Amino acid sequence: MPIQRTFIMVKPDGVKRGLIGEIIKRFEQKGFTLLNAELMTISREKAEYHYMELQDKPFFGELVEFITSDSVFAMVWEGENIIEVSRSMIGKTSPLEALPGTIRGDFACSKAENVIHGSDSLLSAEREIANFFDPLSIRSLNKDFPFDERK
Ligand code: DAT
Ligand code: MG
């Protein structure tokens, strides 16, 4: 079972609604390990880089406006298969598909303002973590990271 790292971010709507604790609680209860976390307001440049895959979408402008509109709570988490598992804990993007029991299923009813972000692949996790955190600031529990799957 591969140990992975991922980038998780409570979006401005989630921070305003007081959901940081609830989200940390779910990740801790699952058995994942928090490696760094920071309340931050992100620049337009970082937001555009974070969502670069969506730059041609009609909602890209609104997405960048929203994510830079107020504080976000950015985190790095580590655990077994955390990229896939965290995506299933987060739930689908569409509120019509996000099942009860998932974070979005329980707390979001909007496609645009949906409480939380989680990386969707190893490559995007690496890029997203590096966009928001200095590598030296990330708690290091295992000196051998990245692990075998990347060799
Ligand atoms: P996810 O956040 O589930 O990985 P995504 O990467 O496709 O979804 O899109 C990133 C964010 O962009 C998403 O969390 C909310 C916003 N978004 C996606 N599709 C949208 C749409 N059709 N209308 C408005 N916002 C949308
Ligand atoms: Mg995505």
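Residues numbered from 1 in each chain as written. Chains lettered and ligands numbered in written order. Predicted model: local features only at pLDDT ≥ 70, side-chain atom pairs only at ≥ 80, totals over all residues. Heavy atoms only, no water.

The name given to the protein chain in an unreviewed UniProt entry is Nucleoside diphosphate kinase, and the organism recorded there is Metabacillus elymi. As its UniProt record puts it under Subcellular location (unreviewed entry), the protein chain is described as follows: "Cytoplasm". For the record of the protein chain, the UniProt heading Cofactor (unreviewed entry) holds the text "Mg(2+)". (UniProt positions renumbered as here; feature names shortened; annotations may be inferred.)

Caption draft 1: Broad picture of the sheet that holds strand 1 (residues 3-10). The four strands lie next to each other as 2-3-1-4, forming an open sheet whose pairing is antiparallel. Both outer strands of the open sheet, strand 2 (33-40) and strand 4 (116-118), are each paired with one neighbouring strand and no more. Each strand axis lies, on average, 20 degrees off the axis of its neighbour in the sheet, ignoring direction. Inspection of the sheet shows strand 1 paired to strand 4 by three bridges, in the antiparallel sense. Looking at the pairing, Met9 lines up with His117 of strand 4. Along the sheet, helix 7 (residues 122-132) makes contact with strand 1, strand 2, strand 3 (72-80) and strand 4, crossing strand 1 at roughly 55 degrees. (Pairing = 2+ DSSP bridges. Helix = DSSP H or I, 4+ residues; strand = E, 2+ residues; numbered from the N terminus. Axes fitted to C-alpha atoms, helices over the stretch in contact; angles between N-to-C directions. Contact = heavy atoms within 4.5 Å.)

Caption draft 2: Just the packing of aromatic side chains, in detail. As enumerated under the stated definition, the model contains four aromatic pairs in all. Ring centres of Phe27 and Trp77 lie 5.3 Å apart, and the angle between their planes is 35 degrees; this geometry places the pair in the tilted category. Placement of Phe27 in helix 2 (residues 20-30) and of Trp77 in strand 3 is noted, with a sequence separation of 50 residues between them. Of the two residues, Phe27 and Trp77, neither departs from the other in class, the shared state being buried. Pairwise contacts between aromatic rings join Phe7, Phe132 and Phe133 into one cluster. Here the guanidinium or amino end of Arg127 rests over the ring plane of Tyr49, the centre of that ring lying 5.3 Å away. (Phe/Tyr/Trp six-rings, centres within 6.5 Å; stacked < 30°, edge-to-face > 60°. Buried < 20%, exposed > 50% of the residue type's maximum accessible area, 1.4 Å probe, protein only. Lys NZ or Arg CZ within 6 Å of the ring centre and 35° of its normal.)

Caption draft 3: Expanded view of the UniProt feature "domain: Nucleoside diphosphate kinase-like" (unreviewed entry) in the protein chain. UniProt records the feature "domain: Nucleoside diphosphate kinase-like" (unreviewed entry) at residues 3-140, using the numbering of this structure. When the span residues 3-140 is considered, its composition is 41% helix and 20% strand, and the gap between its end C-alpha atoms is 13 Å.

Caption draft 4: Geometry of the site of ligand 1. Around ligand 1 sit Lys11, Tyr51, Leu54, Phe59, Leu63, Arg87, Thr93, Arg104, Lys111, Ala112 and Asn114, and those are all the residues in its vicinity. Contact between ligand 1 and Lys11: an oxygen atom at 2.8 Å from a side-chain N or O atom of the residue. At 2.9 Å from an oxygen atom of ligand 1 is found a side-chain nitrogen or oxygen belonging to Asn114. Notes on ligand 1: free accessible area 520 Å², of which the protein chains cover 77%. In terms of residue class, the shell around ligand 1 is made up of five nonpolar, two polar and four charged. (Near = heavy atom within 4 Å. Polar contact = N/O pair within 3.5 Å; in protein donor to acceptor, adjacent residues only side chain to side chain. Areas by Shrake-Rupley, 256 points an atom, 1.4 Å probe, with all protein chains shown as cover. Nonpolar A, V, L, I, M, F, W, Y, C, P; charged D, E, K, R; others polar.)

Caption draft 5: A look at the UniProt feature "binding site: ATP" (unreviewed entry) in the protein chain. Those residues carrying the UniProt feature "binding site: ATP" (unreviewed entry) are Lys11, Phe59, Arg87, Thr93, Arg104 and Asn114 in this numbering. As for its placement among the helices and strands, Lys11 is situated in the loop between strand 1 and helix 1 (12-16). Taking the relative accessible area as the measure of exposure, Lys11 reaches 4% and is therefore buried. Here Lys11 is in contact with Tyr51, Phe66, Ile67, Ser71, Val72, Arg104, Asn114, Val115, Ile116 and His117, once residues within four sequence places are set aside. Relative to the elements of secondary structure, Arg87 occurs in helix 5 (residues 82-90). Arg87 sits in the partly exposed class, given a relative accessible area of 37%. With near-sequence residues (within four places) excluded, Arg87 lies in contact with Ile82, Gly118, Ser119 and Asp120.

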